[in-house]
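Commentary on secondary and tertiary structure
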Amino acid sequence: MTLSILIWLPLVVAVFGAILGAKVAPKLAVLGSLAALGIAISFVVRFESGQDTLQFVTNESWISELGISYKLGVDGLNVVLLLLTTFLFALATIFANLREWDRPGLFYFHLGLAQTAVLGAFCAQDLILFVAFFDLMLIPFYFLTGIWGCGDREQRVRGTQKLVIYTLVGSLLMLVAAVATGVLASQQHDTDLTFALSALQELPLSEGSQQWIFLCFAAAFLVKMPAFPLHGWLPDGYKAMPLPALAVFSGVLSKVAAYGFLRIVLPVFPDASVHFQELLLLIALASILYGSAMAFSAQNVRLVVAYSSVAQMGFITLGIFALNEDGAQGALLQMVNHGLVTVPLFFIVALLASRAGGSEELKDMGGIAFRAPVLATLFLIVSLATLAMPGSANFAGEFLILLGVFDAKPAFAFFAALGVALAAVYMLRAFIRSMHNRVNPSADSREITFRDLGVLVPSVVVIVALALYPQFGLSKSEATTKAAVAQVQAKTGQLTAETSSQASEEHTP
Amino acid sequence: MSTTTWAWLVLAFPLAGTILIGLGHKRLARGPAGAIGTLAILLAFASAVASLISLQGQDEHHRQLTSSLWDYAVSGSIDARLAILVDPLSVFMMLVVTGVSTLIHLYSISYMKSDRGNARYFAYLNFFVFSMLVLVLAANFLLLIVGWAFVGAASYLLISFWYRRDTATKAGIKAFVINVVGDVGLVLGTFFILRYSGTLDFLGTFEAVRAGAFDAHEGALVAGCLLLLVGAFAKSAQLPFHTWLPDAMEGPTPVSSLIHAATMVTAGVYLISRMFPLFEAAPAAANVGAIVGCATLLVAGTIALTQTDIKRVIAYSTMSQIGYMIMGVSAGAYAAGLFHLMTHAFFKALLFMAAGSIIGAMAGAQSLDKMSGFKRAMPFTFGCFVVGGLALSGVPPFSGFFSKDEILAMVGAREGWFTVLYVVGYIGAFLTGIYTWRMIFRAFFNRPCPEAVELEHGHIAHAEYPTNPANGEREDTEVGFPGPEHVIADREQPMKIAMGLLAIGATILGVLQIPFVTHVITDFLEPTFADSKYVHLHASDGMIWFGMILGTVVALAGIAIAYHIWVRKPGTAAALQARFGWLHRFLVNKWYFDELIDFLIVRPWAAAGTFFRTWFEPRVVDGLFIGGATGIVRAGSAVVRTLQSGFLRYYAALLLLGGGAVVLYFLIASS
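Computed from a prediction, not measured in an experiment: that's the story for all the values here. (Residues numbered from 1 in each chain as written. Chains lettered and ligands numbered in written order. Predicted model: local features only at pLDDT ≥ 70, side-chain atom pairs only at ≥ 80, totals over all residues. Heavy atoms only, no water.)

**Section: the overall build of chain A**
Counting its regular elements, chain A contains 21 helices and 2 strands. On C-alpha atoms alone, chain A measures out to a radius of gyration of 22 Å, which is about the 23 Å that the 2.2 N^0.38 rule sets for 509 residues. For the C-alpha atoms alone, the extent of chain A along its principal axes is close to 70 × 55 × 45 Å. The buried share of chain A, reckoned over its 509 residues, is 70%. (Helix = DSSP H or I, 4+ residues; strand = E, 2+ residues; numbered from the N terminus. Rg over C-alpha atoms; globule rule 2.2 N^0.38 Å. Buried < 20%, exposed > 50% of the residue type's maximum accessible area, 1.4 Å probe, protein only.)

This is the structure:
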């Protein structure tokens, strides 16, 4: 079974759904997403850990005159992310099934299109193909927010506007940068034009070209994550997006950006990555602290989760730009962990709102735990995982990230560690103010229904399972991350991971 | 079965109890939940005893066993397995934890029987015991941190168990956050150590230290150990991370007894003992530990003199006693510190249980101002409180006398500036006598208060409108927790059994380590601490005799003064308060630590959050960065509305055109 089937299946199902109409579309979408999950599992099972080469490769010439190919492949960087994507989309599709949508055929079509775009971006091994899928991701969310979004029309328009303007600017910068990469590489090395990532790695650009191209890519990825200070679209954008779409947007799409750093930026622009290491670490640190402060003072539960994502994505960026194996492994594990907590969190936002008369404001909640001990317990487990309590896989990820940064730039590790404590403050605050204290007269303490458990329980089970065995993710990606950071590590003068501890003492770049 | 298999079983029973009670919470409430929880811990205790017997069967040089289930996180420079280390120290801790926990579970069956959250309570309590056992059995830093954080979470859950009280949820988040700061300290400390030891395993790390991995990097080791101390101080309520412990008294009283007296708060003592090869190689850090422990025992002792909430008095006393232990193990007196940990677990758990019984008789009120004359009304509780009080204040031959004295003798034997710590330790002992007996005299002596009179007539007082003891607010009773019925030990068999056994322990456990006669604990722990450079540290015979006499004298003097102030001349306390008003205010306000932390950390942070939300985000992020873009959009919003099509499409088209032009340029340039 090839990767193409996995990638295009959601779109095909979505098209059928749109054609067959409102009655069939929701159920068909669920079946499609479960089928995609099954295929992804089969890839993970057949995946051979311990190799740093691409597996299940598809390589067709696409636009041969421009050296663009339809090249797909799986390695340690994306194998678990494929599983994550299909799992979260399945959850989100079931989540969406719990309520009625206007014009459901079209709604599920966009959800399927989004999944195809994300899977494509994760599998793409050609720069232009990646950019194409990356830009394709935006289209369904434009419609999902604009048509099925939350709030009144004005709010939706504002949210959509900001989202599209921001990400479109980022996308265009990236498109320019991608084209320039291929063109300049062929010019500087006097070869045929090619955009295959494996080839581009062998054709390093001059340092000057690397730097401006790096900045273009970084801008696109940081907007998508989002990172401070490029998160201006986040409050309005997140508020306007319908929750099932938001769950995958925050859970998966932000990971495509972080993944882009590991897949493209570090291997293809190693000099620039080293050059801008401290800038990116600084942005990551600012995201952690600023996101935490905002999550701590936000009055709306959805925004608490939204800003906590800014902080968590900050940790992931921090790990990537530690530019060593520990940091990269931690970042990759954390991408999975963050995805796994985001979907249940946004689902819980929906459950809380339905118990607080439709309001997502903390002031309208309180004391909900009383008749809802199961909901309270599940929320608590997800909250503790989000704040990376030791014992969760999130902690294993943050531990590796901080360790990587500690070896590279210790001062950043110390300041980032503050973010760990702050996460405890904002997550528990949201939990206590919604579930505990006295019953708010406007809130209704109602136990979670059996149907809703169908979304929440699988995600909590996976969170707990990964907490018991984070090695599942780590062992799959180890060989590839080692290779992915090898080049930048060589540039920073760090040796391999085994001796990096001794080496970093002498090298203070 | 092998020693490690028994140890795994010790972990398995409480976990199974948690899961069982959690899943069956609806059916098990108000009945079997307590029995199942207690049984699970009892089985864990039995397994701990089995592993003790099995360990003692091993040759003395092979009493360090590890066992691993699976790779937890093995990647790059970390090698964390799900592994336990069974040696005399961890077996000792297992026995103390499971033993005391069993009795406290038993006590809780009565104490919590009318509480609606009964099943939730026992699920949490079992989870706590599981977490504490993970902490003491962990064979590497990562798993230690997991146990460390789990006990913090369990503590949070139980502090805010009565979550309808906002005082309880506030106390819970405070405890949790301060403990997370401690966790972060542990994590960063681990990084420093891992960098040169190359392994997360304890045994491997100690091996590396002995092999000289830190000889050229002593600074890193000291930094690492100081960060570990942050973790220890936060968990063990040492200055300046102690402010959560008194507030933690919001939890049900058996919780205070188990978590905030007998077990979890002593984790810092365990940590320093476990890490002794590191601290001995980094004496600067160990000295900091000793000094902070000493300062804590004194500060907490002074605060305890003036508090009026009976549970808070005992909480400050706990802080003070842990100060002794931290001082002891930091000074190299490992067996003495751990011996005190054990005796303290008995007498302090006992005191909290007795206090719970008084609170029951007071219908939930906790203020010493309201209590008096309970001596005749509840003789059993009185007897237990007196035994606990005698052990706490260090009167021979009660257990606390021997353990506290041994710590002080060893600290004195270090000579030099340790003599200062030695002297302060005895001043602390003097204060202990006063505040402990102040509590006893006020609660049990003098004229009986109305509740005591009612109890003498056979009725337990019942508050018509239950109030939150912390702030006097009316409770919303419809929820059914705290439970509507109050219980006292004198009438409840399970409470009597638990307290009776603890009272026996608090009385006689001193026989394990009588100077010149027995040294059971020292011998048992010997294999763990055999490599310590303080293994031959001993106080001289003269000093031991001097210490025992001095200890007895200061304890009795403290009791006598308390008797004078609160029984013989009851007006004295008020007169002293009037005379030394400033000092009284300073102590009642707990040296203003809360205010200081609030001023230095909490408020600036909250202000930053508000500033970001109300000013920076709307103006700078929204204004500056969307800047031109939405500025234009907003300016043209009238046009947008009339056109209905939205400015967005126009804008997007413009961007696409511009970007397309650039792309085109590159493609043309390349061909």
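**Here's the deal with the overall build of chain B**
The secondary structure content of chain B amounts to 29 helices and 2 strands. On C-alpha atoms alone, chain B measures out to a radius of gyration of 28 Å, which is about the 26 Å that the 2.2 N^0.38 rule sets for 671 residues. In terms of its C-alpha atoms, chain B occupies a principal-axis envelope of roughly 95 × 65 × 55 Å. The burial tally for chain B puts 62% of its 671 residues in the buried class. Counting contacts in chain B only where the partners sit at least 6 residues apart, residues at least 24 apart contribute 80% of the total. Carbon and sulfur atoms form 67% of the exposed surface of chain B, whose accessible area is close to 24,300 Å². (Contact = heavy atoms within 4.5 Å. Areas by Shrake-Rupley, 256 points an atom, 1.4 Å probe, with all protein chains shown as cover.)

**Some details on the nonpolar core**
In this structure, Phe-217 of chain A together with Phe-374 of chain B are the most contacted members of the largest nonpolar core, which totals 445 residues. For this core, the element with the highest residue contribution is helix H16 (residues 334-361) of chain B, accounting for 19 residues. (Core = buried A, V, L, I, M, F, W, Y, C linked by side-chain atoms within 4.5 Å.)

**Section: the pattern of salt bridges**
Summed over the entire model, instances satisfying the criterion amount to 20 salt bridges over all chains. A salt bridge links Arg-446 of chain A to Asp-444 of chain A; the nearest nitrogen and oxygen atoms lie 2.9 Å apart. A relative accessible area of 35% means that Arg-446 of chain A is categorised as partly exposed. Residue classification places Asp-444 of chain A among the partly exposed residues on the basis of a relative accessible area of 35%. The structure contains a network of salt bridges with shared partners spanning Lys-174, Asp-247, Arg-312, Lys-590 and Asp-594 of chain B. (Salt bridge = Lys/Arg side-chain N within 4 Å of Asp/Glu carboxyl O.)

**Regarding the environment of Ala-90 of chain A**
All names here are of chain A. Relative to the helices and strands, Ala-90 is located in helix H3 (residues 79-97). When its relative accessible area of 3% is taken as the criterion, Ala-90 is described as buried. Expressed as a C-alpha distance, the spacing of Ala-90 and Val-460, which sit 370 residues apart in the sequence, is 14 Å.

**Comments concerning the domain arrangement of chain A**
All names here are of chain A. Taken domain by domain, chain A consists of domain 1 (1-256) and domain 2 (276-496). Each side of the interface is counted separately: domain 1 has 43 residues, and domain 2 has 47 residues. Contact between domain 1 and domain 2 buries roughly 4,000 Å² in total, counting both sides, with carbon and sulfur atoms accounting for 79%. At the surface where domain 1 touches domain 2, the tally comes to 0 salt bridges. Residue assignment for the side of domain 1 that touches domain 2 shows that the elements contributing at least two residues are H3, helix H9 (207-224), helix H10 (234-240) and helix H11 (243-268). It is H3 that contributes the most residues to the side of domain 1 that touches domain 2, 10 residues altogether. The class makeup of the residues in the side of domain 1 that touches domain 2 is 29 nonpolar, 10 polar and 4 charged. (Domains from an automatic or database assignment. Buried area = accessible area lost by both parts, 1.4 Å probe. Nonpolar A, V, L, I, M, F, W, Y, C, P; charged D, E, K, R; others polar.)

**What to know about the domain arrangement of chain B**
Considered domain by domain, chain B is made up of domain 1 (1-139), domain 2 (152-463 + 503-584) and domain 3 (594-670). The gap between the C-alpha centroids of domain 2 of chain B and domain 3 of chain B is 55 Å.

**Examining unusual backbone geometry**
A cis geometry characterises the amide bond from Leu-239 of chain B onward to Pro-240 of chain B, with omega recorded as -10 degrees. Relative to the helices and strands, Pro-240 of chain B is located in the loop between helix H9 (218-235) and helix H10 (244-247). Cis rather than trans, the peptide bond between Pro-396 of chain B and Pro-397 of chain B has omega equal to 5 degrees. Along the chain, Pro-397 of chain B falls in the loop between helix H17 (379-393) and helix H18 (399-413). With a phi close to 55 degrees, Asp-190 of chain A is a non-glycine residue in the positive phi region. Examined against the element boundaries, Asp-190 of chain A turns out to sit in the loop between helix H7 (153-189) and helix H8 (197-202). Owing to a relative accessible area of 70%, Asp-190 of chain A belongs among the exposed residues under this scheme. Although it is not a glycine, Phe-516 of chain B sits at a positive phi angle of roughly 70 degrees.

**Examining the UniProt feature "domain: NADH:quinone oxidoreductase/Mrp antiporter transmembrane" (unreviewed entry) in chain B**
Following the UniProt record, the feature "domain: NADH:quinone oxidoreductase/Mrp antiporter transmembrane" (unreviewed entry) maps to residues 138-424 of chain B here. Here residues 138-424 of chain B is 75% helix and 0% strand, with 35 Å between the C-alpha atoms at its ends. (UniProt positions renumbered as here; feature names shortened; annotations may be inferred.)

**Comments concerning the interface of chain A and chain B**
The interface of chain A with chain B comprises 83 residues on the first partner and 78 residues on the second. Both sides of the chain A and chain B interface together cover about 7,000 Å² of buried area, and 72% of this is carbon and sulfur. The largest share of the area that chain A buries against chain B comes from Phe-370, Phe-399 and Arg-438 of chain A, three residues that together contribute 10% of it. Linking chain A to chain B there are 1 salt bridge. Linking Arg-195 of chain B and Asp-407 of chain A is a salt bridge whose minimum nitrogen-to-oxygen distance equals 3.6 Å. Seen at the junction of chain A and chain B, the total is 11 residue pairs in polar contact (both at pLDDT 80 or more). Ranked by residues supplied to the side of chain A that touches chain B, first place goes to H7 of chain A with 15 residues. Tallied by class, residues from the side of chain A that touches chain B come to 59 nonpolar, 14 polar and 10 charged. (Polar contact = N/O pair within 3.5 Å; in protein donor to acceptor, adjacent residues only side chain to side chain.)

**A look at the UniProt feature "domain: NADH:quinone oxidoreductase/Mrp antiporter transmembrane" (unreviewed entry) in chain A**
In this numbering, the UniProt entry assigns the feature "domain: NADH:quinone oxidoreductase/Mrp antiporter transmembrane" (unreviewed entry) to residues 124-417 of chain A. Each end of residues 124-417 of chain A is marked by a C-alpha atom, and these two atoms are 34 Å apart; helix forms 79% of the span and strand 0%.

**Let's talk about the confidence of the model for chain A**
Mean pLDDT over chain A works out to 86, with 96% of the residues at or above the 70 mark. Confidence drops under a pLDDT of 50 for residues 494-509 of chain A, and excluding neighbours within four residues, the segment shows 21 contacts in the predicted structure. (pLDDT = per-residue confidence, 0-100.)

**A closer look at the packing of aromatic side chains**
The full count for this structure, using the stated rule, is 62 aromatic pairs over all chains. Seen from their ring centres, Trp-8 of chain A and Phe-133 of chain A are 5.8 Å apart, and the 45 degrees between their planes marks the pair as tilted. One end of the pair, Trp-8 of chain A, is in helix H1 (residues 3-20); the other, Phe-133 of chain A, is in helix H5 (residues 127-136), and 125 residues separate them in sequence. Look at Trp-8 of chain A and you get partly exposed, because its relative accessible area is 31%. A ring pair is formed by Phe-586 of chain B and Trp-591 of chain B, whose centres lie 5.2 Å apart and whose planes are at 40 degrees; its orientation type is tilted. Of the residues examined, Trp-591 of chain B reaches a relative accessible area of 31% and is grouped as partly exposed. Cluster of aromatic residues (ring-pair linked, three or more members): Phe-130, Phe-134, Phe-214, Phe-217, Phe-221, Phe-261, Phe-269, Phe-276 and Phe-321 of chain A. Geometry around Phe-134 of chain A places Lys-224 of chain A over its ring, the cationic atom sitting 5.0 Å from the centre. The lysine or arginine in question, Arg-164 of chain B, covers the ring of Phe-370 of chain A, its NZ or CZ lying 4.9 Å from the ring centre. (Phe/Tyr/Trp six-rings, centres within 6.5 Å; stacked < 30°, edge-to-face > 60°. Lys NZ or Arg CZ within 6 Å of the ring centre and 35° of its normal.)

**Overview of a negative patch on the surface**
On the surface, a cluster of negative charge is made up of Asp-59, Glu-60, Asp-523 and Glu-526 of chain B. Note that Glu-60 of chain B resides in the loop between helix H3 (32-56) and strand E1 (65-75). (Patch = residues over 30% accessible without salt bridge, like charges linked within 9 Å, V, L, I, M, F, W, Y side chains within 5 Å. Lys, Arg positive; Asp, Glu negative; His and termini not counted. Charge placed at Lys NZ, Arg CZ, Asp CG, Glu CD.)

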